[in-house]
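Descriptive structure summary
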Amino acid sequence: MKSVLILRHAKSSWKHPELNDHDRPLNKRGKRDAPLMGELLRNKHLVPEDIISSKAVRAHASAKAIAKGSGYKGETTLNRSLYAAGPKAYLDVLHDVSDDYVRVLIVGHNPRLEELVEMLTGEIHIMPTCSLAHVKLNVDSWLDIDYETKGKLVDMWQPAV
């Protein structure tokens, strides 16, 4: 059984309109929420064994804050294909995860993360910024995940507004 934690990046700043979308940083709320979601993972004994994030500045900052808040000790892998990508890109990234890992955190963007959660669980969920879904998958290998894989949504959390 594998478990994927799916995080929509924390709230980003629109303070600098000259920045392109990829380069927008977290705003004050995002900097507050991401570490709290990391602490939630630590408190629920769900510290990931691997973290994979979009290369977008706001996603990478979210991943770093979650890692620190959760006590994750590994490296965070940045993946360019997760920016403005559909569910297939997320599946492709998961296919590259070592089967030594049981629980992986993937950090990306909407609306594609909502589509990924729906594809993996058959359930529709709205994922505001810094939302986190925990999906269990009845597979032995990350390579076994495909469009037909149906997992179970164990829980979904959102930061307090």
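Below you will find a few notes about this structure. (Residues numbered from 1 in each chain as written. Predicted model: local features only at pLDDT ≥ 70, side-chain atom pairs only at ≥ 80, totals over all residues. Heavy atoms only, no water.)

Further remarks concern the overall build of the chain. Helix and strand counts for the chain come out as four helices and six strands. When its helices and strands are written in sequence order, the chain yields β-α-β-α-β-α-β-α-β-β. The C-alpha atoms of the chain give a radius of gyration of 14 Å, which matches the 15 Å a tight globule of 161 residues would have. Of all intrachain contacts in the chain linking residues separated by at least 6 positions in sequence, the fraction that spans at least 24 positions is 75%. (Helix = DSSP H or I, 4+ residues; strand = E, 2+ residues; numbered from the N terminus. Rg over C-alpha atoms; globule rule 2.2 N^0.38 Å. Contact = heavy atoms within 4.5 Å.)

On to helix α2 (residues 57–70), then. Along its 14 residues, α2 runs 20 Å from first to last C-alpha, staying within 8% of the 20 Å computed at 1.5 Å per residue. What α2 keeps buried is the set Arg58, Ala59, Ser62, Ala63, Ala65, Ile66, Ala67, Gly69 and Ser70. Close packing links the buried residues of α2 with β1 (2–8), α1 (28–43), β2 (50–54), β3 (76–79) and β4 (103–108). (Expected span 1.5 Å × (residues − 1). Buried < 20%, exposed > 50% of the residue type's maximum accessible area, 1.4 Å probe, protein only.)

Taking burial as the measure, the six residues of strand β5 (residues 132–137) include five buried ones, the bulk of the element. By the bridge criterion, five bridges tie β5 to strand β6 (residues 152–157) in an arrangement that is antiparallel. Following the sheet pairing, Val135 is matched in β6 by Leu153. (Pairing = 2+ DSSP bridges.)

Glancing now at the side chain of Ser54. Inspection of the secondary structure assignment puts Ser54 in strand β2. A distance of 3.1 Å separates a polar atom in the side chain of Ser54 from the backbone nitrogen of Ala56. (Polar contact = N/O pair within 3.5 Å; in protein donor to acceptor, adjacent residues only side chain to side chain.)

Let us look at the pattern of salt bridges. Opposite charge on two side chains allows them to pair when their charged atoms are near. Here the structure, examined in full by the defined rule, presents four salt bridges. Across the pair Asp33 and Arg29 runs a salt bridge, and its minimum N-O distance is 3.7 Å. Residue Asp33 and its partner Arg29 are both found in helix α1; the two are separated by four residues, about one turn of the helix. Taking relative accessible area as the criterion, Arg29 reaches 32% and is therefore assigned partly exposed. Here Asp33 makes a salt bridge to Arg32, at a shortest N to O gap of 2.7 Å. A residue is classified by how much of its surface remains accessible, and Arg32, at 39% relative accessible area, is partly exposed. (Salt bridge = Lys/Arg side-chain N within 4 Å of Asp/Glu carboxyl O.)

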